[in-house]
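# Notes for the structure review
Take a look at the letters that make up each chain.
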Amino acid sequence: MTDDPIETIRTILESLLEETDDPDVHYKLRTSLQLLTILEERDAAGRDALEDADLDSDVVERLERLGYID
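Residues numbered from 1 in each chain as written. Predicted model: local features only at pLDDT ≥ 70, side-chain atom pairs only at ≥ 80, totals over all residues. Heavy atoms only, no water.

## So, the overall build of the protein
Each helix and strand in the protein was counted, giving three helices and zero strands. Starting at the N terminus and walking to the C terminus, you meet the elements of the protein as α-α-α. When its C-alpha atoms are laid out on the principal axes, the protein stretches across 55 × 20 × 10 Å. Expressed as a percentage of its 70 residues, the buried residues of the protein come to 14%. Sequence separation of at least 24 residues holds for 22% of the intrachain contacts in the protein that already meet a minimum separation of 6. Carbon and sulfur atoms provide 52% of the accessible area of the protein, an area that totals close to 5,600 Å². A gap of 6 Å separates the mean positions of the 7 positive and 21 negative side-chain charges of the protein. (Helix = DSSP H or I, 4+ residues; strand = E, 2+ residues; numbered from the N terminus. Buried < 20%, exposed > 50% of the residue type's maximum accessible area, 1.4 Å probe, protein only. Contact = heavy atoms within 4.5 Å. Areas by Shrake-Rupley, 256 points an atom, 1.4 Å probe, with all protein chains shown as cover. Lys, Arg positive; Asp, Glu negative; His and termini not counted. Charge placed at Lys NZ, Arg CZ, Asp CG, Glu CD.)

## Some details on the pattern of salt bridges
Summed over the entire model, instances satisfying the criterion amount to five salt bridges. A salt bridge links Glu40 to Arg10, with the shortest nitrogen-to-oxygen separation between them at 2.6 Å. Of the two residues, Glu40 is situated in helix α2 (residues 23-52) and Arg10 in helix α1 (residues 5-19); the sequence distance between them amounts to 30 residues. Note that Asp43 and Arg47 form a salt bridge whose closest N and O atoms lie 3.1 Å from each other. Taken together, the residues span about one helical turn, with Asp43 and Arg47 both in helix α2 at a distance of four residues. Given a relative accessible area of 37%, Asp43 falls into the partly exposed group. Bridged by salt links that share partners, the residues Glu7, Arg10 and Glu40 form one connected network. (Salt bridge = Lys/Arg side-chain N within 4 Å of Asp/Glu carboxyl O.)

## Focus: a negative patch on the surface
Taken together, the side chains of Asp48, Glu51, Asp52, Glu64 and Asp70 present a region of like negative charge at the surface. The greatest single-element share of the negative patch, amounting to three residues, is contributed by α2. By the element assignment, Asp48 lies in helix α2. (Patch = residues over 30% accessible without salt bridge, like charges linked within 9 Å, V, L, I, M, F, W, Y side chains within 5 Å.)

Geometry only, nothing functional implied.
Right under this line is the structure:
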């Protein structure tokens, strides 16, 4: 497993997808994987916006501490 929660969830869902033959479960798992992709894209866009924003140094420090920006 990784330290990235989204990647961990993706790994778990993919392993479940391999373990079942139920078409309804496959549909739900694939849909969940697609939603994770959307979350990753939104997260990346938000991080990019934060890094490009002109923020007060105190705010930047807090965002770095919380892991929102590097």
